[in-house]
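Below, each chain spelled out in residue letters.
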Amino acid sequence: MLNPAKIRIVVLQGGISAEREVSLRSGENCSKGLVEAGFQVSTYDAADLNFIDELRKSSPDLVFNALHGKYGEDGTMQGLLEVLGIPYTGSGVLASALAMDKHASKGIYEQAALPTPRGVLLSADDLSNLQEGDMDALYQQITEQLKTRHLAVKPNSEGSSVGVSLIDSAADFPQALRLAMSNGETCVNSGHSIQSVLIEECIKGKEITVGVLGGTSCDVKALPVIEIKPKDGFYHFENKYAVGGSDFVVPAGIDAEMTHTCQELAVRAHKVLGCHGYSRSDIRLASDGRPYLLETNTLPGLTENSLIPRAAACAGIEFADLLLRIVDYALSK
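Residues numbered from 1 in each chain as written. Predicted model: local features only at pLDDT ≥ 70, side-chain atom pairs only at ≥ 80, totals over all residues. Heavy atoms only, no water.

A.B. asks: Any chance you could explain unusual backbone geometry here in plain terms?
C.D. replies: Excluding glycine, residues mostly have negative phi values, and the peptide bonds linking residues are mostly trans. With an omega dihedral of -5°, the bond running from V250 to P251 counts as a cis peptide bond. Following the sequence through the fold, P251 ends up in the loop between strand 11 (246-249) and helix 10 (256-273). Phi is positive for Y71, which is not a glycine, with a value near 70°. Along the chain, Y71 falls in the loop between strand 3 (62-65) and helix 3 (76-84). The exposure class of Y71 is partly exposed, given its relative accessible area of 40%. (Helix = DSSP H or I, 4+ residues; strand = E, 2+ residues; numbered from the N terminus. Buried < 20%, exposed > 50% of the residue type's maximum accessible area, 1.4 Å probe, protein only.)

This is the structure:
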């Protein structure tokens, strides 16, 4: 049984990814909730590398990782904390790295027979050698390979739909590629970077997300399914975080059989990637009713408006209890 008064927690937030501001909000919300639950809490901003020395000096019982995106959610911070010998919330190095690499996680989904959209990876080398005149031919090649003109173009390793475009014509392809390629510029103190780009068949239909809680493969359980209804377009960065950008239906307006199917998909994704503590998988329901697993987030947002807290509340789990569970999973890892 946890005794919060005796547990010293450092909330790690901010960082230098494109999701810095969201991470600061998650960290602030988690810090408040942990204090209310009775823990001894300090907060560090990972954008200031002095946090490493501070962690060494303070030697907390646990780091609550409220970072999102690059250098926080991709196995980098997890590796550092492993070296420092400090327990931390969320998934380990391998699961974090695999889930952040969309192409790698798709390969694992496919090996596990989990339905996921067809996709093509363009490497940094492919992109650096690409000329403007090659765009039409490349678009034609990819649409033939994926058997559709409706494409989702996205950075291979980024979160919160940063740099994502949904297109259905060759005219929009160059700009979509440029946006996905240049997302490195959104990182604080980071120069231009070209990274690999994932191009998938765009599945039209309902946007669904399913949170999962569980410390080990034998006690993993799905939270209620959430249907996301963006006010315009798809669930892109602005629609995620702008007030009123999207509506949410919890539980989702789907039948019991499809609810079970989506929850089972999220649980299986959590397990095959080796996630720990909590995760959230995004799913598209095609017009024919088939679900497609898009990606799994190993450190989903924990702001006051985030989806995991919404789903937990629908299941009767208050935010303080959610944090207690996440801490318990981490300390028992």
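Having seen the model, we can carry on.
A.B. asks: Just to check I follow, could you spell out the nonpolar core for this structure?
C.D. replies: As a rule of thumb, soluble globular proteins bury nonpolar side chains together. Formed by 27 residues in total, the largest nonpolar core has its most connected members in I9, L34, F64, L302 and L322. Listed by contribution, the elements that provide at least two residues to this core are strand 1 (8-13), helix 1 (20-36), strand 3, strand 10 (226-230), helix 11 (307-314) and helix 12 (319-331). In contact with I9, other than residues within four places in its own chain, are L34, F39, Q40, V41, S42, L62, F64 and V327. (Core = buried A, V, L, I, M, F, W, Y, C linked by side-chain atoms within 4.5 Å. Contact = heavy atoms within 4.5 Å.)

A.B. asks: Hey, could you run me through the sheet that holds strand 4 (residues 119-122) in this one?
C.D. replies: To summarise the sheet geometry, strands pair through backbone hydrogen bonds and adopt either a parallel or an antiparallel arrangement. With respect to topology, four strands assemble into an open sheet ordered 4-7-5-6, the strand pairing being antiparallel. Strands with a single pairing partner mark the edges of an open sheet, and in this sheet they are strand 4 and strand 6 (165-167). Adjacent strand axes in the sheet meet at a mean angle of 20°, parallel and antiparallel pairs treated alike. Where strand 4 meets strand 7 (residues 197-201), four bridges bridge the pair, whose relative direction is antiparallel. The partner of V120 across the bridge, within strand 7, is I199. Along the sheet, helix 5 (residues 102-111) makes contact with strand 4, strand 5 (151-155) and strand 7, crossing strand 7 at roughly 45°. (Pairing = 2+ DSSP bridges. Axes fitted to C-alpha atoms, helices over the stretch in contact; angles between N-to-C directions.)

In short, shape yes, function no, at least from these values alone.
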